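Spelled out from the first residue to the last, the chains are:
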2 protein chains.
Amino acid sequence: VSLAPAAGPDAGFWWARDDLGFKDGRLHLAGHDLATLAATVEGPLHVYSEARIAANLGRLHAALAEIGAPARVYYAMKANRFEPVLRALARRGLSGVDVCSPAEMDRALACGFAAGDVSFTGTGVSNRDLGRLLAQPDLTINCDTIGMIRRIGERSPGRAIGIRVNPELGVSYGGAERLTYAGDAATKFGIYREQWPDALAMARVHDLTITSLHFHVGCGYLTRELEAWDAAVGAGLAFVDDLPDVRTVNVGGGLGLPHRSTDAPLDLSRWAEMLRRRFATRGLTVAVEPGDYIVKDAGVLLLQVTDVERKRDVTFVSVDGGFNLAPEPAYYDLPCEPVACQPRSFDTAAWRPMTVAGNINEALDIWAHAHPMPELREGDRIAFLNAGGYGASMSSNHCMRGEFTEMLLPG
Amino acid sequence: VSLAPAAGPDAGFWWARDDLGFKDGRLHLAGHDLATLAATVEGPLHVYSEARIAANLGRLHAALAEIGAPARVYYAMKANRFEPVLRALARRGLSGVDVCSPAEMDRALACGFAAGDVSFTGTGVSNRDLGRLLAQPDLTINCDTIGMIRRIGERSPGRAIGIRVNPELGVSYGGAERLTYAGDAATKFGIYREQWPDALAMARVHDLTITSLHFHVGCGYLTRELEAWDAAVGAGLAFVDDLPDVRTVNVGGGLGLPHRSTDAPLDLSRWAEMLRRRFATRGLTVAVEPGDYIVKDAGVLLLQVTDVERKRDVTFVSVDGGFNLAPEPAYYDLPCEPVACQPRSFDTAAWRPMTVAGNINEALDIWAHAHPMPELREGDRIAFLNAGGYGASMSSNHCMRGEFTEMLLPG
């Protein structure tokens, strides 16, 4: 069955894929008619495709197979912690999980991951947190401060630990400052070069073995950011020479995906080639920690049109869910492109710019400004793309409009 | 008992009040030692003072008494929906509640407000929402679109309604674009002048009586914004002449409070004088819809220091709670100033700039940059001011670090 381009001569949507597009004029994800699916529940619906999640993970593994070094994937579960998603990943056995809080660790274990397949990379770690983390002897804990090394040493001398370093280089989607984790300005993350001797000494004092080096130097990076990312990885690797017991280098997450028609997908072979040049002869395991890359484009948020109304020079399409259900468009300028589930016409040249607005009493609750849309009416369904990552997991109950259903389409 | 200034010669903190300041070197709110209070719970604690809430409401009523027209306060509960806060307000009987979703309406009713004391002002209102709202005959429903007028008319012909208009003028704290609800650019809120004849006609068709006019033209406004606010109120009032049955004009919320040492408080007598000039001779009830003004400075968020560490040229103070517990500092540039609960010294000239960072794995999770603080150590408590509004109510479980306790100090 052919999808998107078959819908009409102008329907070459940039986001269309084998598993996402129009069939008989209706938007489908993983073989499911989304408007029909939406009608099975009340209110907003987050839908995820297990097949797409598996495909994203498979593509990543295929690239990692090229680097000539053992490789591990730790899925960053803060992107999407829906239990069926986690259980499906655990069942497939192709990834571990990276967690950033004790509660995330508990959920990972409850969903079927072994503690040895879980890494913790957190910040602002309290002693209460540490108590819960250290109860798992097989958990990899990446230390973010020298104080954390000391506090682990005081509680669990002799334990194996990871250290998160900050190589002072980093990249982000379109250079967005909000998404920069390492770079010119000092961030809260990781141990800096000047602190390094003290960090090593602190680990020695407590007989802690540093088996893992971690750095996170990207957020949403695409091909255009790859050269800079590679340089940042090189800077991170410079720390490895002081770690005789290190077995794993975690180059962090941040692998990006297209959010706009103008974004080219991440060139994964080039990415792998960069890792190959850095790692092929080192005898180290390479770990990566993707979140969005695994789940974001596997999910859509389905909302229903409540009003279509012209206000001054703008056509507002109001829907029954707001930015509290997927905060990235409003807060991070990372759009969730709205797509009508049953366009009345595929003559996209005749589509008109519309502003799609959520149902939260805040001016910034706008899903898309002046976005070309077909004619829409009350009750129509709209799918918001790329809602599979940092959507439900960051959602709030702002205005008490935080209720939604989540659904994993098995695949 | 004298508070703040008595603590030391330099301790004239801009935020100090009779009920908030240092006593014997320890920060107190409403007579409670905050560090001691924080130690009674595990993890983050939102504390609110009922006495301060009552004082804010009392000050507002005193000003409203000057305008020479009947006045009503509808507390905008999206700012803080903690049930004990709502119950305390209902018990005092000095305000109604404005809600923006059916779930908020249900909570208001459950906490003791009569439906006649509740107004609904929402956007993106679905038919499902309408079903719940219209079940309350005494609820005031402010219509945001012509479509909403029609849909109410179809379901409840003859009902009394309110109409929210957009007077195309508006003000916000420091002119922040994110917080602009009416102004040069078309927003999703309210019915515009060009739509007005159609809106009136639609109400007539369904025999709906327009008893209330609503506009929301400010967000966080202070004295410096008052002239512009007054002009916006004048523009909103221009709609009243076409409404023979109108009894109430709701001039919205948005009354601001100081967030920084450089902010002067809102001059409430000047505000009331402006309302007096607009309303004294009209025979209308004036309604206002404050949220932050009632609750924000009545609440603090209490967190505990996990690490103090120099990274490059920055001293980072990490705490056991992040921006997901109070999103305004990170997302809206509205600071929650951090105050050490037990400063080791009140020689503020010797305090050093520190960056206070939360425990969420995001670069933007910074409570304050380069803020002067006394020496701090692991385990110290920090109070974040102005966390009583849009803190807990907008919180998320991002990174599964969303747990906290809420407490209302009776007063």
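Reading the values: the criteria
Residues numbered from 1 in each chain as written. Chains lettered and ligands numbered in written order. Predicted model: local features only at pLDDT ≥ 70, side-chain atom pairs only at ≥ 80, totals over all residues. Heavy atoms only, no water. Helix = DSSP H or I, 4+ residues; strand = E, 2+ residues; numbered from the N terminus. Rg over C-alpha atoms; globule rule 2.2 N^0.38 Å. Buried < 20%, exposed > 50% of the residue type's maximum accessible area, 1.4 Å probe, protein only. Areas by Shrake-Rupley, 256 points an atom, 1.4 Å probe, with all protein chains shown as cover. Expected span 1.5 Å × (residues − 1). Arc of directions from axis to C-beta. Polar contact = N/O pair within 3.5 Å; in protein donor to acceptor, adjacent residues only side chain to side chain. Contact = heavy atoms within 4.5 Å. Buried area = accessible area lost by both parts, 1.4 Å probe. Salt bridge = Lys/Arg side-chain N within 4 Å of Asp/Glu carboxyl O. Phe/Tyr/Trp six-rings, centres within 6.5 Å; stacked < 30°, edge-to-face > 60°. Least-squares fit on C-alpha atoms with pLDDT ≥ 70 in both. Pairing = 2+ DSSP bridges. Right-handed = clockwise from strand over helix to strand, strands pointing away.

**With respect to the overall build of chain A**
What chain A contains, in helices and strands, is 11 helices and 21 strands. At 22 Å, chain A has a C-alpha radius of gyration in line with the 22 Å of a compact globule built from 411 residues. With the C-alpha coordinates aligned to their principal axes, the bounding extent of chain A is approximately 70 × 45 × 40 Å. Looking at chain A as a whole, 64% of its 411 residues qualify as buried. Looking at chain A as shown, the accessible area adds up to about 14,000 Å², and 49% of this sits on carbon and sulfur atoms.

**Regarding helix 9 (residues 268-279) of chain A**
Residue and element names in this part refer to chain A. For helix 9, which comprises 12 residues, the first-to-last C-alpha distance of 16 Å matches the rise-based estimate of 16 Å (1.5 Å per residue) to within 8%. By the burial criterion, the buried members of helix 9 are Leu268, Trp271, Ala272, Met274, Leu275 and Phe279. The buried residues of helix 9 occupy one face: seen down the axis, they fall within an arc of 155°. Projecting away from the buried face of helix 9 at angles above 90 degrees are the exposed residues Ser269 and Arg277. Measuring from the backbone nitrogen of serine 269 back to the side-chain oxygen at the start of helix 9 gives 3.2 Å, which picks out aspartate 267 as the cap.

**Let's talk about the interface of chain B and chain A**
Contact residues are listed per partner, giving 81 residues for chain B and 81 residues for chain A. Counting each side, the surface lost to burial between chain B and chain A is near 6,100 Å², with a carbon and sulfur contribution of 48%. Between Asp365(B) and Lys188(A) there is a salt bridge whose closest N-O contact spans 3.1 Å. Inspection of the chain B/chain A interface yields 46 residue pairs in polar contact (both at pLDDT 80 or more). For the side of chain B that touches chain A, the secondary structure elements donating two or more residues are helix 4 (102-110), strand 7 (118-121), helix 5 (127-134), helix 6 (146-155), strand 15 (299-311), strand 16 (314-319) and helix 11 (328-332) of chain B.

**A short note on the packing of aromatic side chains**
Residues and elements named next belong to chain A. In the structure shown here, the tally under the stated rule is 25 aromatic pairs over all chains. Ring plane angle 25° and centroid distance 6.0 Å describe the contact between tryptophan 229 and tryptophan 271, whose orientation is recorded as stacked. Residue tryptophan 229 is located in helix 8 (residues 226-237), and its partner tryptophan 271 is located in helix 9; the two are separated by 42 residues in the primary sequence. By relative accessible area, which is 0% here, tryptophan 271 ends up buried.

**Quick notes on the relation of the copies chain B and chain A**
Superposition record for chain B on chain A: RMSD 0.0 Å, screw rotation 180°, translation along axis 0.0 Å. Both copies are brought into coincidence by an operation consistent with a two-fold rotation axis. Rotation axis and chain B: the residue whose C-alpha lies nearest the axis is Ser396(B), separated from it by 2.3 Å. With an isologous cut-off of 70% or more, the 100% of interface residues of chain B that recur at the interface of chain A puts this contact in the isologous class.

**Focus on the environment of Trp15(A)**
With respect to the helices and strands, Trp15(A) occurs in the segment before strand 1 (20-23). In this structure, the C-alpha to C-alpha distance between Trp15(A) and Ser261(A), residues 246 residues apart in sequence, is 7.4 Å.

**Quick look at unusual backbone geometry**
Residues and elements named next belong to chain B. At glutamate 168, a position not held by glycine, the phi torsion is positive, near 65°. Following the sequence through the fold, glutamate 168 ends up in the loop between strand 9 (160-164) and strand 10 (171-172). With a relative accessible area of 23%, glutamate 168 lands in the partly exposed category. With a phi angle near 45°, alanine 370 is a residue other than glycine that sits in the positive phi range. Positionally, alanine 370 belongs in strand 19 (residues 366-373).

**Some thoughts on the pairing of strand 14 (residues 285-288) of chain A**
Residues and elements named next belong to chain A. Residue alternation in strand 14 divides its side chains into two sets, Thr285 and Ala287 and Val286 and Val288, and both sets are buried. In terms of strand pairing, strand 5 (residues 71-76) meets strand 14 through three bridges, oriented parallel. Opposite arginine 72, over in strand 14, you have alanine 287 as the bridge partner. For strand 13 (residues 248-250) and strand 14, the ladder comprises three bridges, and the chain directions are parallel. Across the sheet, the residue bridging to asparagine 250 is alanine 287, located in strand 14. Between the parallel pair strand 13 and strand 14, the chain is carried across by helix 9, and the sense of this crossover is right-handed.

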